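What follows is the residue order along each chain.
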Amino acid sequence: MSTKDWLEKDYYASLGVAKDADAGAIKKAYRKLAVKLHPDKNPGDAAAEAKFKEVSEAYDVLSDADKRKEYDEARSLFAGGRMPGGGFPGGAGGYSTYQPGSTTFDMNDLFAQAGGSTSSGGFGDMFGNLFGGGANQRRGRGTSPTRGQDSNAEVTLSFAEAMSGEALQLQLSGPATCRTCGGDGAKPGTHARTCPTCSGTGFISRNQGAFGFSEPCRDCKGTGKLIDDPCPDCAGSGVTVQTRTINIRIPAGIKDGAKVKVAGKGLPGTRGAPAGDLYVTVHVSRSELFGRKGDDLTLTVPVEYAEAALGTTVRVPTLDGAVSVKVPAGTPSGRTLRVRGRGAPKRGGHGDLLVTVEVAVPAKLSDDAKEALEKYAALVHDDPRPNITAAVREANHG
């Protein structure tokens, strides 16, 4: 997506959200519109398909923090259609204005006419990226092929699937290179021809007073090519909405919220340029047994009071069968025992399993059990809370 497209398109309006909407609101709005406008629900509806493309394009930009920042800055720079810093002579009222779809400034041409420098780091370079390069770069060629935008997808895995790793097939709907014309835009058996207006450069020049300006050719819309017989499937755009099957391998031990990059499976590039990349965000469901701390797994194991006091051995589950864990005599409730190499998979091995002992207190006691505990209590003379007892004494004497 070129900067010119960003200047002309209001992605916030496309999604129906405010300019200060957070990521959650943007995602919610996109999902609602995507479900409503999806081609599968609107077969043969060209308007719905076009709107679906617009919404997908808007979400691709606004869901990426870096792209959104760049987009906001570009539109803010040209807010109100006026160049920053007071404008330049030549336009109405002493200013040259930017009108979407018509005249754009070539700052390198402007400074070349005025005798200013366009060397690296100068004003021309600052605006060079914004307009896709100076006039000197444009002459002799049309708009360069552009790499496709990166795109995003989400999957949800069970805890067991995340630990073992999964090979998945994702069904994704969105813009893709037209299969009929291969992205050329021309009907099969025909070819695009060089635009005679701009001689294939994609730009035309005009003089206004002491300055020379370059602007995209209106006949070929800056492509340098004219299509006399457009492809019937993509109407000459080279892109159609398609459902694709993407194979992806989720590595074992992946964490909740991690992203997996699938190179070359994003949105298609223009004029044969490479596609962008696909970034798949992985959501991992909670386990009923295990928790996670980094690459370590956590497990809470209840034991009886007698087991904690006298010591015992308990069998506990792991990702790969059960193991025995020795609970030393006198183990207090809350103590954590480490079982090495039984945690989550990681590069080069596994994390550890952290077993936390929890002394279980029975809710009810039989008469015999109650009598036995009372006898035990009578035999124990150690104070289990000496610090508390000392503080109470001090408070009473104070």
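Criteria and cut-off values
- Residues numbered from 1 in each chain as written.
- Predicted model: local features only at pLDDT ≥ 70, side-chain atom pairs only at ≥ 80, totals over all residues.
- Heavy atoms only, no water.
- Pairing = 2+ DSSP bridges.
- Helix = DSSP H or I, 4+ residues; strand = E, 2+ residues; numbered from the N terminus.
- Axes fitted to C-alpha atoms, helices over the stretch in contact; angles between N-to-C directions.
- Buried < 20%, exposed > 50% of the residue type's maximum accessible area, 1.4 Å probe, protein only.
- Contact = heavy atoms within 4.5 Å.
- Salt bridge = Lys/Arg side-chain N within 4 Å of Asp/Glu carboxyl O.
- Phe/Tyr/Trp six-rings, centres within 6.5 Å; stacked < 30°, edge-to-face > 60°.
- Core = buried A, V, L, I, M, F, W, Y, C linked by side-chain atoms within 4.5 Å.
- 1 Å grid on protein atoms, 1.4 Å probe; cavity = no way out; pocket = protein on both sides within 12 Å on 5 of 7 lines; lining within 4 Å.
- Points joined across faces, edges and corners; volume = space filled by probe spheres on them.
- Nonpolar A, V, L, I, M, F, W, Y, C, P; charged D, E, K, R; others polar.

**Q** How would you explain the sheet that holds strand 17 (residues 353–359) if you had to name every residue and give the values?
**A** A sheet is described by the order of its strands in space; here four strands give the open sequence 10-11-17-14, paired in mixed fashion. Pairing within the sheet leaves two strands with one partner each, and these edge strands are strand 10 (291–293) and strand 14 (336–339). Going across the sheet, the axis of each strand differs from the next one's by a mean of 35°, ignoring polarity. Note: strand 10 against strand 11 (residues 296–303), three bridges, orientation antiparallel. Pairing of Arg-292 across the sheet is with Leu-297, part of strand 11.

**Q** I'd like a rundown of the sheet that holds strand 1 (residues 151–157), residues and numbers included.
**A** Across the sheet, three strands lie side by side as 1-9-8; this open sheet has mixed pairing. A single partner strand is all that each edge strand has here, and the edge strands are strand 1 and strand 8 (259–262). On average, each strand axis in the sheet is tilted by 25° relative to the strand beside it, whichever way the strands run.

**Q** Could you give me a rundown of the environment of Arg-249, with the residues and numbers involved?
**A** Secondary-structure assignment places Arg-249 in strand 7 (residues 239–250). A relative accessible area of 54% means that Arg-249 is categorised as exposed. When residues no more than four places from it in sequence are discounted, the contact partners of Arg-249 are Ser-164, Gly-165, Glu-166, Ala-167 and Val-260.

**Q** Could you give me a rundown of the pattern of salt bridges, with the residues and numbers involved?
**A** Within the structure shown, the criterion is met by 14 salt bridges. Glu-154 is the salt-bridge partner of Arg-31, the closest N and O atoms lying 2.6 Å from each other. With Arg-31 in helix 3 (residues 23–37) and Glu-154 in strand 1, this residue pair connects regions lying 123 residues apart in the sequence. Overall, the relative accessible area of 45% leaves Arg-31 in the partly exposed class. In this structure, the salt-bridge partner of Lys-67 is Asp-60, at a minimum N-O distance of 3.4 Å. Each member of the salt-bridge network shares a partner with another, and the members are Arg-147, Asp-150, Lys-261 and Asp-277.

**Q** Report on the packing of aromatic side chains, specifying residues and quantitative values.
**A** A complete count under the given rule lists five aromatic pairs for this structure. Between Tyr-30 and Tyr-59, the aromatic rings sit 4.0 Å apart at their centres with planes inclined by 5°, giving stacked as the arrangement. Here Tyr-30 is found in helix 3, whereas its partner Tyr-59 is found in helix 4 (residues 46–62), with 29 residues between them in sequence. Residue classification places Tyr-30 among the buried positions, given a relative accessible area of 17%. Consider the rings of Phe-159 and Phe-290, whose centres lie 6.3 Å apart with planes at 15°: the pair is stacked.

**Q** Give me the lowdown on the nonpolar core, citing residues and values where you can.
**A** Counting 36 residues, the largest nonpolar core has Ile-248, Ile-250, Val-280, Val-282, Val-316 and Leu-353 as its most contacted members. Dropping the residues within four chain positions of it, Leu-353 is found in contact with Phe-290, Leu-297, Leu-299, Val-316, Pro-317, Thr-318, Leu-337, Arg-338, Val-339, Arg-342 and Gly-343. In this structure, Tyr-12, Ala-21, Ala-58 and Tyr-59 belong to the second largest nonpolar core, which totals 19 residues.

**Q** Which residues make up unusual backbone geometry, and what values do they have?
**A** Phi is positive for Ser-199, close to 60°, though the residue is something other than glycine. Here Ser-199 shows up in the loop between strand 3 (193–194) and strand 4 (203–208). For Ala-235, which is not glycine, the phi torsion reads 60° and is therefore positive. Within the fold, Ala-235 resides in the loop between strand 6 (225–226) and strand 7.

**Q** An account of the layout of surface pockets is needed here, citing residue identities and associated values.
**A** The volume enclosed by the second largest pocket comes to roughly 1,000 Å³. When residues of the lining of the second largest pocket are traced back to their parent elements, those giving at least two are helix 3, helix 4, helix 5 (65–77), strand 1, strand 2 (166–177), strand 7 and strand 9 (278–284). Here the lining of the second largest pocket is built from residues that sort into 15 nonpolar, 11 polar and 11 charged.

**Q** I'd love a proper account of the pairing of strand 17, names of residues and values included.
**A** The sheet contact formed by strand 11 and strand 17 spans seven bridges and is parallel. Bridge pairing in strand 17 places Leu-299 opposite Val-355. The pairing of strand 14 with strand 17 spans four bridges and is antiparallel. Looking across to strand 17, one finds that Leu-337 is bridged to Val-355.

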